[in-house]
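Structural characterization, general
For reference, the chains in residue letters:
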Amino acid sequence: MKIVYSWLKDFIDTDLPVERLADALTSSGLEVASIDRRHAPEGVVIARVLETAKHPNADRLSVCKVDAGTETPLTVVCGAPNVAAGMHAPLATVGTVFGPEFTVKKSKIRGVESSGMLCSEKELGISDDHGGLMNLPADMVPGRPFSDYFPPDVVIEIELTPDRGDCLSMLGVAREVAARFGLPLKQTAKRPQENRGDPVDKAISVVIEAPERCPRYMGRLVRGVTIKPSPQWLRNRLSLAGMRPINNAVDVTNYMLLHFGQPMHAFDHARLRGRAIRVKTAGEAQGFMTLDNIERPLLADDLLIADGSRPVALAGIMGGAGSEITDATTDVFLECAFFEQTGIRKTAKRLGISTDSSYRFERGVDPGEGLVDALDTAAAMLSELAGGVVAQGTIDVYPEKRTQRTIILHPEKVARVLGVAVANDRITSFLQSLQISCPARRDGTIACTVPLFRHDLAIEEDLIEEIGRLYGYDNIPASVVTLLPLNRALPDVERTIDAVRHALAFSGLREAVTNSLTSRKKWLLVTPEKAAVPLLNPLTPDMALMRTTLVNSLLDITAYNCNRNNRNNRFFEIGKVFDLLPSGDPRERDVVALLIEGDFVHATWNNSAQPVSFYMMKGILEAFSGHLGFTRCSFCGTDEKPRYFGKEAAAVGIGEVVCGYAGMIEPEIADVFEIKTPVCYAELDITGLLATFLPVRSYKPLPRFPALERDFCFVMDEAISASDITGTISSISPLIEEVYPFDVFRGEKLGDGKKSIAFNTRFRSSEKTLSDTDVEKLCGRIVSTVAKTYKAQLRT
Amino acid sequence: MTEPSPTAPSSARLDEIQREAENAFSDINDDDAAETFRIAYLGKKGILRDLLKGVGAVPEDQRRAYGARVNELHRLFEDRFSRAPWRTVKQAGGPAFDPGLPAFPLPQGSLHPLMKIRNEMRDIFLDMGFSVAYGPDIETDYYNFEALNMPAFHPARDMQDTFYITATHLLRTHTSPVQIRTMERERPPIRAIMPGRVYRNEEISARSYCLFHQIEGLYVDEGVSFADLKGTLLAFSRRFFDDATKLKIRPSFFPFTEPSVEIDVECFLCKGKGCGICKGSGWLEVLGAGMVHPRVLAAGNIDGEQYTGFAFGIGIERIALLKYGIEDIRFFYENDVRFLRQF
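Please read all numbers here as calculations on a predicted model, not as lab measurements.

1. Here's the deal with the overall build of chain A
When its secondary structure is counted, chain A shows 21 helices and 42 strands. Over its C-alpha trace chain A gives a radius of gyration of 41 Å, far above what one expects of a compact globule, namely 28 Å for 796 residues. Long-range contacts, defined as pairs at least 24 residues apart, comprise 68% of the intrachain contacts of chain A with a sequence gap of at least 6. The positive charge centre, built from 91 side chains, and the negative charge centre, built from 102, are 2 Å apart in chain A.

2. Let's talk about the overall build of chain B
From N to C terminus, chain B includes 12 helices and 9 strands. Whereas a compact globule of 343 residues would reach a radius of gyration of roughly 20 Å, chain B reaches 38 Å, over 25% beyond that. Overall size of chain B, expressed as C-alpha extent along the three principal axes, is 120 × 50 × 35 Å. A burial count over chain B gives 55% of its 343 residues as buried. Summing over all exposed atoms, chain B offers an accessible surface of approximately 15300 Å²; the carbon and sulfur share of this is 52%. When the 42 basic and 48 acidic side-chain charges of chain B are each reduced to a single mean position, those positions are 6 Å apart.

3. Let's talk about the nonpolar core
With 118 residues, the main nonpolar core has Leu409(A), Met546(A), Tyr681(A) and Phe312(B) as its most contacted residues. Among all residues touching Leu409(A), those that are not within four sequence positions of it are Val414(A), Ile427(A), Leu431(A), Thr445(A), Ile446(A), Cys448(A), Glu460(A), Leu463(A), Ile464(A) and Ile467(A). Residues Ala178(A), Ala210(A), Leu257(A) and Cys336(A) belong to the second largest nonpolar core, which totals 99 residues.

4. Some points on the pattern of salt bridges
Residues and elements named next belong to chain A. Under the counting rule described, the total for this entry stands at 72 salt bridges over all chains. Taking the shortest distance from any N to any O, the salt bridge between Arg237 and Asp10 comes out at 2.6 Å. Taken as a pair, Arg237 in helix α6 (residues 232-240) and Asp10 in the loop between α1 (5-8) and α2 (18-27) lie far apart in primary sequence, 227 residues in all. Judged by relative accessible area, Asp10 falls into the partly exposed class, the value being 26%. With its nearest N and O atoms 3.4 Å apart, the salt bridge here joins Arg345 to Glu362. Of the two residues, Arg345 sits in helix α8 (residues 341-351) while Glu362 sits in helix α9 (residues 356-363), which places them 17 residues apart along the sequence. Judged by its relative accessible area of 8%, Glu362 is buried. Through salt bridges that share partners, Arg164, Asp166, Glu176, Arg454, Asp456, Glu466 and Arg469 make up one connected network.

5. Concerning the interface of chain B and chain A
Each side of the interface is counted separately: chain B has 95 residues, and chain A has 88 residues. Between chain B and chain A lies a buried interface of about 7500 Å² when both sides are counted; carbon and sulfur atoms form 59% of it. Linking chain B with chain A are 5 salt bridges. When the shortest N-O distance is used, the salt bridge between Arg118(B) and Glu494(A) registers 2.9 Å. Classifying every residue of the side of chain B that touches chain A by side-chain character gives 49 nonpolar, 24 polar and 22 charged.

6. Let's talk about a positive patch on the surface
Residues and elements named next belong to chain B. A cluster of like positive charges, contributed by Lys44, Lys45, Arg49 and Lys53, occupies part of the molecular surface. As for its placement among the helices and strands, Lys44 is situated in the loop between α2 (31-42) and α3 (47-53). Overall, the relative accessible area of 72% leaves Lys44 in the exposed class.

7. Some remarks on the confidence of the model for chain B
Residue and element names in this part refer to chain B. Scored by pLDDT, chain B has a mean of 87; 94% of the residues are at 70 or more. Confidence over residues 1-6 falls short of pLDDT 50; this stretch has 5 contacts with residues more than four positions distant or in other chains. Model confidence for the complex: the whole-complex pTM is 0.82, and ipTM, which rates the interface, is 0.84.

8. A few points about the packing of helix α11 (residues 411-418) of chain A against helix α13 (residues 460-471) of chain A
What describes two packed helices is the angle between their axes and the distance between those same axes. All names here are of chain A. Put simply, α11 and α13 touch, their axes get as near as 10 Å, and they point 70° apart. Considered as vectors, α11 and α13 are oriented roughly perpendicular to each other. Classified by chirality, the crossing of α13 by α11 is right-handed. Within the contact between the two elements, α11 uses Lys413, Val414, Val417 and Leu418 and α13 uses Glu460, Glu461, Ile464, Ile467 and Gly468. Class assignment for the residues of the contact of α11 with α13 results in 5 nonpolar, 1 polar and 3 charged.

9. Examining α2(A)
Those residues of α2(A) that sit buried are Val18(A), Leu21(A), Ala22(A), Ala24(A), Leu25(A) and Thr26(A). Immediately beyond the C-terminal end of α2(A), within one or two residues, lies Gly29(A), with a positive phi of roughly 100°.

10. Observations concerning the state of the cysteines
Each disulfide is one covalent bond, formed between the sulfur atoms of two cysteines. Overall, the coordinates contain 0 disulfides over all chains when judged by the stated rule. Looking at the unpaired Cys633(A), the closest cysteine sulfur is the one in Cys636(A), lying at 10 Å.

11. Remarks on the sheet that holds strand β42 (residues 793-794) of chain A
Residue and element names in this part refer to chain A. An order of β40-β41-β39-β42 is seen for the 4 strands of this open sheet, with the pairing classed as antiparallel. The open sheet terminates on both sides in strands that have one partner only, identified here as β40 (736-745) and β42. Pairing analysis gives 2 bridges linking strand β39 (residues 708-717) to β42, with the strands arranged antiparallel. Counterpart to Val715 in the pairing with β42 is Gln793. Contacts from helix α20 (residues 722-730) reach β39, β40 and β41 (754-763), with the element oriented near 150° to β40. Across the face of the sheet, helix α21 (residues 772-790) comes into contact with β39, β40, β41 and β42 while running at roughly 10° to β39.

12. Some remarks on the environment of Gly231(B)
As for its placement among the helices and strands, Gly231(B) is situated in helix α8 (residues 226-240). Each C-alpha atom, one on Gly231(B) and one on Tyr324(B), is 26 Å from the other, the two residues being 93 residues apart in sequence.

13. Comments concerning the environment of Ser225(B)
If you trace the backbone, Ser225(B) turns up in the loop between β5 (211-221) and α8. When the C-alpha atoms of Ser225(B) and Phe310(B) are compared, they prove to be 7.2 Å apart, with 85 residues separating the residues in sequence. Excluding residues within four positions of it along the chain, Ser225(B) makes contact with Arg416(A), Val417(A), Leu418(A), Gly419(A), Met291(B) and Phe310(B). There is a polar contact of 3.2 Å between the side chain of Ser225(B) and the backbone nitrogen of Ala227(B).

14. Section: the packing of aromatic side chains
Residue and element names in this part refer to chain B. Tallying each qualifying case throughout the model produces 32 aromatic pairs over all chains. When the centroid spacing of 5.2 Å and the interplanar angle of 75° are considered together, the rings of Tyr142 and Tyr143 count as edge-to-face. Taking the relative accessible area as the measure of exposure, Tyr142 reaches 37% and is therefore partly exposed. Exposure remark for Tyr143: the relative accessible area of 14% places this residue in the buried category. Considering the side-chain rings of Phe241 and Phe268, the 5.6 Å spacing of their centres and the 15° angle between planes classify their relative orientation as stacked. Of this pair, Phe241 sits in the loop between α8 and β6 (247-254) while Phe268 is found in the loop between β7 (257-266) and β8 (283-292), placing the two residues 27 residues apart along the sequence. One aromatic cluster in this structure is built from Phe125, Phe130, Tyr219, Phe236, Phe240, Phe241, Phe268, Phe310 and Phe312. Between the NZ or CZ atom of Arg181 and the centre of the ring of Tyr143, over which it lies, the distance is 4.0 Å. Above the face of the Phe240 ring, Lys323 is positioned so that its terminal group lies 5.0 Å from the ring centre.

Criteria and cut-off values
- Residues numbered from 1 in each chain as written.
- Chains lettered and ligands numbered in written order.
- Predicted model: local features only at pLDDT ≥ 70, side-chain atom pairs only at ≥ 80, totals over all residues.
- Heavy atoms only, no water.
- Helix = DSSP H or I, 4+ residues; strand = E, 2+ residues; numbered from the N terminus.
- Rg over C-alpha atoms; globule rule 2.2 N^0.38 Å.
- Contact = heavy atoms within 4.5 Å.
- Lys, Arg positive; Asp, Glu negative; His and termini not counted.
- Charge placed at Lys NZ, Arg CZ, Asp CG, Glu CD.
- Buried < 20%, exposed > 50% of the residue type's maximum accessible area, 1.4 Å probe, protein only.
- Areas by Shrake-Rupley, 256 points an atom, 1.4 Å probe, with all protein chains shown as cover.
- Core = buried A, V, L, I, M, F, W, Y, C linked by side-chain atoms within 4.5 Å.
- Salt bridge = Lys/Arg side-chain N within 4 Å of Asp/Glu carboxyl O.
- Buried area = accessible area lost by both parts, 1.4 Å probe.
- Nonpolar A, V, L, I, M, F, W, Y, C, P; charged D, E, K, R; others polar.
- Patch = residues over 30% accessible without salt bridge, like charges linked within 9 Å, V, L, I, M, F, W, Y side chains within 5 Å.
- pLDDT = per-residue confidence, 0-100.
- Axes fitted to C-alpha atoms, helices over the stretch in contact; angles between N-to-C directions.
- Parallel < 35°, antiparallel > 145°, perpendicular 65-115°, else oblique.
- Left-handed = near helix turned anticlockwise from the far one by under 90°.
- Disulfide = S-S within 2.5 Å.
- Pairing = 2+ DSSP bridges.
- Polar contact = N/O pair within 3.5 Å; in protein donor to acceptor, adjacent residues only side chain to side chain.
- Phe/Tyr/Trp six-rings, centres within 6.5 Å; stacked < 30°, edge-to-face > 60°.
- Lys NZ or Arg CZ within 6 Å of the ring centre and 35° of its normal.

Put into structure tokens, the structure is as follows:
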């Protein structure tokens, strides 16, 4: 909303500096977005171009003779494409100062002397239009200062919150300023001279068929007008407020919209068939051509203004193509109505139209005196500007008169909510300044009657807000907060997530934060088996659905880094993945994903590179598991892994609550992301982990007796996993402290499909020093158990 | 060790010696083994000395070739030995220890700046007696809008461009629905922050992304007032930014709070004097807040006559952009390692 300072002064007498006014508006909740000073520099005058000729030495320049009020015409060189003999344009005369670096001087331009500069709107700071000279009306007198016609002004742009529809006008903002500074508000409404021989209700009939959608409809008729451009002052005001002047009739309605905040519509009375207006819903789906010549598809519930035989306007949003004001119009019917907010919004939103009119109706206009003032003033102005005569009387269909809301205010509640005691007389003076009448009642409460234009004031808290903002939130003392925690210092979920993050960062991984939205293509590439959650209105096809895994997110950022020559990437992310349950309901899971790419340890002057491998990821996950306090951490080969993994991948289990997969990414998948280096990835579902506690750590005393070690080398089938054998050996006796596979060998001697694994086994007792004999007995059992269970032979 | 040979060794024997030396050399893995190698091959009684001694036994016509071959072996052994990596400062006159050479490249990890800021803020609120609550990213229209006093076709819905999943499900546009979920679950006193990811269907630019992160705060109890809101956020700002930070409060509008305010924090960089970060105003717009609307309390099954409450919301990206002076919000989601490693 653009506020024109001079226009605001129609309502209030004030000479406040603009900065103070802007501060006051912002601290009232009308946030000032920009302050724009509009004034042409001194020395700019009205000029009339008498003749133009091509510049002898430059194709694009003209040499003009202009009348700028001096005795002899001035010669001015001009580069504007639209310069023409007979036009009026602003001339910056010699000596005009545009800024510290630019003063207009008498100078030769390509050999022709020029005494000034003809200006565009942009050069004068009127608008951004730099397409050519500013074309001025022919009735402006050459030589008169430009500022006589375009006085300096200030445009303040404010950003209004959706609750303050009442401030979408000069009047509304003036009311706020008046309340803030205790100024009286001036009455600006005019009443028209009526032609007693021409009663309006003989000329037109109005019926509201949908009163819940249009609680009030008013109209006036102005006959015998001449449609023409509006006078300059009116055109100026509309332009400053950001509206394009059209003709006097339309401009008057737009002026009312900006002045009182009341949208109006002007119909050509002659084109209203049957001299009737019906306010009705469309009743059935149909097309309607709005005055911008776009066919709008209407639904049965959309509200229309119809004449005797057809729709003529999309109520409150836009007029129709068949009834608008033309140059031939002589009788103008002015509509001034109150349309119910939600209905207008539904239609406007569905059709994707937002007009100055619909914007105000959606937020609520004044259904009471505001309507009358706007209509009367519009009729008076139109007859004054367009030479018409106003028909007698007003159409006013208002089936159920709106009454002002009364809210009971408890002064002690003001103190309770704001945390500061505000004296009753201050409360009433604040509210009265907002035109809220507030007589005190015997029980100490205050009965506050709210003007109809304040749709936002419905409950006691709304009034407390009005008191708060006028009292000034900065004046409310901050309380000293000493709160005792209601619960333990760090909630468990946070504790767990912190542990996860720190474990992975300690392992050398960098935490990433990536988009939860992904493309259909990537989803089909990595997890076609999962039912993804699609968006109804995606921003782009790249973000059409919710991710089902973090693998594409991390591959994306790895590719991004590789493309920037950031090699050997190591990432982790804790994030959500989404899918649809068979019931169709969406489901969210918390996962942690790890990705390592290239070399985990890169080559240096004294070390060779360590490319990433499954076993590196296994080490990271074991450290991760240990950091969280879990003792169980398993890796099993599986055929049911996600398709983005290659052959070297395993199912992972940590504790009882974390599970997932880890392995090398299938090179063909990495290829799609244009990653040429090896990539290892793991994704673990931690939803269960977050729902429980981290394991409680238990202390075990350090061993007091020495350990004995023995090595065993078993030959076995390829299909047998080292972890199976370590598990079997460990379970043979509590004296077996650790079993560690330290070598794997394959060779012709062993035969196809066979391998040998060497295990280092450590024996220890917590009660005594073990003897060789103790250990030999156990060794025998180990060899026989492994041989029996796995058909594995001891290799000697 | 090879005994000194009484006769001159053949050329094949010299080749064999070279192979043996190469093997012995590659087995060396510490200084002691190196010294053994040196004594055996280069020492006063070493193999090379023996070979030189044996030159007399070489036929005259082969003596020159023999000498050249032995010298070649000598240079080779010396050269290999002097360049060996296990050689340390012990070798007088050898290469010096150079601590300036690059380190072993232990992988370094890092935490994401957004999560660091989130946790810094979280820890302050935890210290102030707040707990942490969570809600889903995919919300229902009821929790995201209806229960927060934004019925269908309320113009306030335009303030937040929404991604819809279905007619009833959407990606939450703010963390405020967690307020309702928390009130449904708990009874006053309720004091919680609610961090999380939120989504907006907005064009992606340096200033905005299709998602960002917020921390919501809620305090509901008997006698909670605006002065408490101010006190809480002042205490937070002073711990997070600077212990002399000031606040400036402007009226604003959120459908779920009444009164609603926006809170500006004095610029931590220029201390209110005006700088590039605060665009010369001396103030940073960082917080939206207000007293919980009675209809929102009612949606949470809380008696608005008995209890009052305040709520606030902070954008984590906004704070991180300001705190680190980052010029483009997209850097947070691109995860360029050169960016990440700075935090």
